[in-house]
Amino acid sequence: MGIENLDKIFKPKSIAVVGASDKEGSAGYRIFRNLIGSGYNGVAYPVNPTKESVQGVQAYPTVDKLPKIVDLAIIATPSKVVLDVVEQCGKKGIIGILIISAGFKEIGKEGVALEKQLLKIKEKYGLRLVGPNCVGFILPYLNLNATFAGSMPERGNIALISQSGAVCGAILDWAAAAKVGFSSFVSVGSMLDVDFGDLIDYFGTDIHTRSIVLYIESITNARKFMSAARSFARAKPIIVIKSGRFSEGAKAAASHTGAMAGEDAVYDAAFKRAGIVRVKEISDLFNCSSILAKQPRPTGPNLAIVTNAGGPGVLATDAIIELGGKLAKLSPETMEKLNAALPPHWSKGNPVDIIGDGDENRYQKAIEACLEDSNIDGLLVICVPQVVANPKILSERIIDIAKKSTKPILVAFPGEESVYHARQLLNRNNIPAYSTPEEAVESYMYLYHYARNLELLFETPEERDVKPSADHQEKLKKILSDALNEGRALLTEGEAKEFLELYNIKTTKPQIAISEKEAVSLAKKVGYPIVMKIHSRQITHKSDAGGVALNLQCEEVVRDAYKTMMKTVKQNAPDAIIEGVTIQKMIKNKGGEFILGSKKDPIFGSIILFGMGGIYTELFKDRSIGFPPINQVITQRIIEKTKAYQLLKGFRGIAPANMEKVEETMMNFSQLISDHPEIQEIDINPLIVEGDDLIAVDARIVVDKHPKGKPHLIISPYPTKYMKTLSLKDGTEVLLRPIKPEDEPLWLEMFKTFSEESVRFRFFRIIKDTPHEMRTRYCNIDYDREIGIVGEVKEKGKQRLLGVTRLIVEPGRDDTAEFALIVSDKWQRLGLGSEFLDYTIHIAKDKGLKKLYGIVMKDNVPMITLCREKKFKFSEGDPGQYYIEYNLKT
């Protein structure tokens, strides 16, 4: 249900507390006391069947006896009566429900059964429900404390959403001491209905919220979470702390990928793909959210340090290097300025040590010189309490300088009593101030990684064609169904490699020999040297069973290997049915062995893993994780995070690999995974570079016998079903298809063909410049929330876009969408606009929407005429505009 009716919970004008009590110390007492004692301007009704009044306020025995329909019911009763109370709320017409009560799924089967019944009641009446088993929520700007916690936090710009009730209290207590304010605080509990995705959508549009902080133990709906986070991460930083980073051990898995892609590594990859910043400690949550909300994003990792003491400068330098940052190299121009402004014995480099007798003026000159240096991406100012520099005056100077700077500035004032007020002054003026240099550096690196993640997320990929022909799909489905019909979850090596070949991933094709004689014959046919592998549907890891013999050079060696293998495998795997051996060409490893794999995560669905492969795969644990579908840029980033990347680039006599071929192989692999939700696990290990190619030397695929209902893709794939061709009035054939990130150059070419009038009609203003950030907003989209359909033609062998129609689903709502379209002036009056609008309506209906709306300027006569022809309903909008609406259910 998204954010529908969440205002009933988070902007309530009236509240009923079911279980309100006079018993001090009880949850019902504290919640009602907090409501009436915090300055909340709405009406609060206590509901208690045995009391005429609660805390001096008239009480009502049951919900149905309330004098009015309230917006929100807070339930703090034993779990056994919660269902009856929620049913009463539904009948009464109360939509917003907050369940504080525990005793649900956390207690086992009985609690799970209660939750299922609760969910049915929720669906029956269309309720919105926070909890159960939660602390509640606090909205400082409404003076609304709907928790049994203590005092009201200060007002601020951070939305804090926490899954742990115990951690909630600790965070609020810590924040109070640190003077950290909140726009909202929500304890989500079991997330039976309202979850992290809904709350990111809701507070992402909240005017008081500038950053969102999450404390996560687990995620329920990963696809909704990712979609919401990706939608708002650019505008409002999202910072997360995830508990349970280490597990005692991975469960037994049928593949190396399964063993290596642990839960925390998958969460980490998901956060990066969504543009979320992950921190490790509670204090980092607020340091990080503060700097992300207050400071401009750095363009690089190069940090300069201005200090009045050498020791803290060295500590800051160590922290920069340890955290993956860089000490900025001062330009000759900066060195010249500093030489002129500082004493002769200054440090002559970065850190810029202005010496202990440096005053505010000396600091100011050094700071301004560094900020003008193009080599410097950010600045850390360290001031150790000395006799000369006055912390308050220096802070005022830094505040003035920061107002004119486009680079982030951080300050470290080590000490306490003499510099406390200076730190407070800086923080109040949006300059992050810390008590240690290490804290400041860590915050800067969070800021840099956030900016870098967003940059990579919206970098324009190169165009690549990876889709296999449709003719192969039936063949692949038959391989899977045959295996399942035979009761097998594991495909044979030959079947697995056939899969890869049909997705243009080269393999060493195995040929089966059922006797020693056949093995010799096939070895001669394939050509020496060869590889012999045991052929058994029950053996997953052949090497462990003694079922692999490499680099066999002649007939005699083949015969010996066959005999030895049969004997060894029977000893190591006595229950396995041995069907013979496979013979394939030996590929000499000249540039490292790699692994490319996938597994089905229970929360995030299919993941992709790349790293160092071969027999040392699990020893080195060099791996990087991504999520299909992946494009060229995402593929490149996955590869770059591994040590394997160094080998691929060329290392100590090893020739560099064809990186375009590596990327193409991974993208083909991603497409394979996207197309087949039946695949539970898949390994290509080793994957070996041979010349300009990559060869899959070994492959295994594990099939999921029951894939229905399990998560598959958390990132919406390219919607190929919305591709179609049509002819314009002049006979021009046009392809209508969804827009994609690779279209950015074509989109820019198209935009340049628009007249000023066309631009004004579409964007309601004249736009001259379209920077990369704007172009990616229109090309790099989430297909779960938005569809852009372009009209494409080929002119002299070159692709051109003629126009675009766009359908945008409102955040968190699944029944209403806004539309807008534009056609290049040269291609107007040929019927494309009409085709665009018809197709937009078709797609909206296909997505199950109920209403389509748009805004049209009153002087946009062609669009008004077209929409009247299509039976849109017109009403007055803002001055000079019509609001138009189309009922999709008619």
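Residues numbered from 1 in each chain as written. Predicted model: local features only at pLDDT ≥ 70, side-chain atom pairs only at ≥ 80, totals over all residues. Heavy atoms only, no water.

Trainee: How should I be thinking about the nonpolar core in this particular structure?
Mentor: Within soluble globular proteins, side chains that are nonpolar tend to cluster in buried spots. Residues Phe10, Ile74, Phe137, Leu214 and Phe225 are the most contacted members of the largest nonpolar core, which totals 64 residues. Looking at which element gives the most residues to this core, the answer is helix α9 (residues 263–274), with 7 residues. Apart from the residues within four sequence positions on either side, phenylalanine 10 is in contact with Val130, Phe137, Leu139, Leu142, Val186, Leu199, Tyr202 and Phe203. Formed by 55 residues, the second largest nonpolar core is a distinct cluster that contains Ile787, Ala817, Met863 and Leu866. (Core = buried A, V, L, I, M, F, W, Y, C linked by side-chain atoms within 4.5 Å. Buried < 20%, exposed > 50% of the residue type's maximum accessible area, 1.4 Å probe, protein only. Helix = DSSP H or I, 4+ residues; strand = E, 2+ residues; numbered from the N terminus. Contact = heavy atoms within 4.5 Å.)

Trainee: Sorry, what's going on with the environment of alanine 316 here?
Mentor: Topologically, alanine 316 is positioned in helix α11 (residues 310–322). C-alpha of alanine 316 to C-alpha of isoleucine 305: the two residues are 11 residues apart in sequence and 7.9 Å apart in space. Apart from the residues within four sequence positions on either side, alanine 316 is in contact with Ile305, Leu380, Ile382, Pro437 and Val441.

Trainee: Which parts of the structure should I look at to understand the packing of helix α7 (residues 222–232) against α9?
Mentor: When two helices pack together, you describe them by how their axes are tilted relative to each other and by the distance separating the axes. Direction vectors running N to C along α7 and α9 enclose 40°, while the axes themselves pass 8 Å from each other. Within the contact between the two elements, α7 uses Phe225, Met226, Ala229 and Arg230 and α9 uses Ala270, Phe271, Arg273 and Ala274. Residues that form the contact of α7 with α9 fall into these classes: 6 nonpolar, no polar and 2 charged. (Axes fitted to C-alpha atoms, helices over the stretch in contact; angles between N-to-C directions. Nonpolar A, V, L, I, M, F, W, Y, C, P; charged D, E, K, R; others polar.)

Trainee: Can you help me understand the sheet that holds strand β13 (residues 238–242) in this one?
Mentor: Note: strands within a sheet are paired through backbone hydrogen bonds, in either parallel or antiparallel orientation. Across the sheet, which stays open at both edges, the 7 strands sit in the order β9-β8-β11-β10-β12-β13-β14 with mixed pairing between neighbours. Each having just a single partner strand, β9 (144–147) and β14 (277–279) make up the two edges of the open sheet. Direction aside, the axes of adjacent strands within the sheet are offset by 20° on average. Where strand β8 (residues 136–139) and β9 come together, 4 bridges link them in antiparallel fashion. When the sheet's bridge partners are listed, phenylalanine 137 is paired in β9 with alanine 146. Sheet strands touched by helix α5 (residues 165–177): β8, β10 (155–162), β11 (182–187) and β12 (211–216). Its angle to β11, the strand with the most contacts, is close to 160°. (Pairing = 2+ DSSP bridges.)

Trainee: Explain helix α18 (residues 493–502) to me, please; I cannot follow it from the model alone.
Mentor: Since the α-helix turns once every 3.6 residues, residues separated by three or four places project in the same direction. Burial analysis of α18 places 7 of its 10 residues in the buried class, which makes it a mostly covered element. By the burial criterion, the buried members of α18 are Glu493, Glu495, Ala496, Lys497, Phe499, Leu500 and Leu502. Following α18 by one or two positions, asparagine 504 has its phi on the positive side, about 60°.

Trainee: Could you clarify how one ought to interpret the packing of aromatic side chains in this entry?
Mentor: Both the distance between ring centres and the angle between the ring planes are used here to describe each pair of aromatic rings. Across all of its chains, the model carries 20 aromatic pairs by this definition. Between phenylalanine 594 and phenylalanine 610, the aromatic rings sit 6.1 Å apart at their centres with planes inclined by 15°, giving stacked as the arrangement. Of this pair, phenylalanine 594 sits in strand β25 (residues 593–601) while phenylalanine 610 sits in strand β26 (residues 605–612); the two residues are 16 residues apart in sequence, bridging distant segments of the chain. Assigned by exposure class, phenylalanine 594 and phenylalanine 610 land together as buried. (Phe/Tyr/Trp six-rings, centres within 6.5 Å; stacked < 30°, edge-to-face > 60°.)

Trainee: Whenever I open this one, the pattern of salt bridges confuses me. Can you help?
Mentor: For side chains bearing opposite charge, pairing can occur when the charged atoms are close. On inspection of all chains with the given rule, the structure shows 53 salt bridges. Taking the shortest distance from any N to any O, the salt bridge between arginine 128 and aspartate 198 comes out at 3.7 Å. Pair noted here: arginine 128 is in strand β7 (residues 128–130) and aspartate 198 is in helix α6 (residues 196–204), with a separation of 70 residues, a long-range link. Across the pair, exposure class does not vary: arginine 128 and aspartate 198 are buried alike. One network of salt bridges, in which partners are shared, links Lys122, Glu123, Arg128, Asp193, Asp195, Asp198 and Lys224. (Salt bridge = Lys/Arg side-chain N within 4 Å of Asp/Glu carboxyl O.)

Trainee: Just checking my understanding: could you explain the side chain of arginine 278 for this structure?
Mentor: As for its position among the elements, arginine 278 is in strand β14. At 2.6 Å, the side chain of arginine 278 and the side chain of aspartate 264 are in polar contact. Here aspartate 268 takes part through its side chain, which lies 3.2 Å from a polar atom of the side chain of arginine 278. (Polar contact = N/O pair within 3.5 Å; in protein donor to acceptor, adjacent residues only side chain to side chain.)

Trainee: Before we go on, may I ask you to explain the confidence of the model for the protein chain in this structure?
Mentor: One rule of thumb: low pLDDT means the predicted coordinates there are not for detailed reading. A residue-level look at the protein chain finds 96% of positions with pLDDT of 70 or above and a mean pLDDT of 90. Low pLDDT, under 50, characterises residues 248–259; the predicted model gives this stretch 31 contacts beyond four residues in sequence or across chains. (pLDDT = per-residue confidence, 0-100.)

Trainee: Can you help me understand the pairing of β10 in this one?
Mentor: Regular strands place their side chains on alternate faces of the sheet. With respect to burial, β10 is a largely interior element, 6 of its 8 residues being buried. In this structure, β10 lies alongside β12, joined through 5 bridges in parallel fashion. By the bridge assignment, isoleucine 158 is partnered in β12 with serine 211.

Trainee: What's the story with the pairing of strand β2 (residues 43–47) in this structure? I'm lost.
Mentor: Most of β2 sits inside the fold, with 4 of its 5 residues counted as buried. Summarising the sheet, strand β1 (residues 14–18) and β2 pair through 5 bridges and their orientation is parallel. Each bridged residue has a counterpart across the sheet, and for valine 18 the counterpart in β2 is valine 47. Note that the unit made of β1, helix α2 (residues 27–37) and β2 has a crossover that is right-handed. (Right-handed = clockwise from strand over helix to strand, strands pointing away.)

Trainee: How should I be thinking about the packing of helix α10 (residues 282–294) against helix α16 (residues 437–457) in this particular structure?
Mentor: At their nearest, the axes of α10 and α16 sit 9 Å apart, and the two run at 60° to each other. Classed by the angle they form, the pair α10 and α16 counts as oblique. Here α10 and α16 pass one another in a crossing that is right-handed. When α10 is examined against α16, the residues Asp284, Asn287, Cys288, Ile291 and Leu292 are found in contact with a partner set consisting of Glu439, Glu442, Ser443, Tyr444, Tyr446, Leu447 and Tyr450. Grouping the amino acids of the contact of α10 with α16 by side-chain chemistry returns 7 nonpolar, 2 polar and 3 charged. (Parallel < 35°, antiparallel > 145°, perpendicular 65-115°, else oblique. Left-handed = near helix turned anticlockwise from the far one by under 90°.)

Trainee: Help me understand unusual backbone geometry, please; the structure alone is not making it clear to me.
Mentor: Negative phi values dominate among residues other than glycine, just as trans dominates among peptide bonds. Residue proline 629 is reached from proline 628 by a cis peptide bond, and omega for that bond is 0°. Among the structural elements, proline 629 can be located in the loop between β27 (623–626) and α22 (632–640). The omega torsion across asparagine 685 and proline 686 is 5°, close enough to zero to call that bond cis. Mapped onto the elements, proline 686 comes out in strand β28 (residues 679–690).

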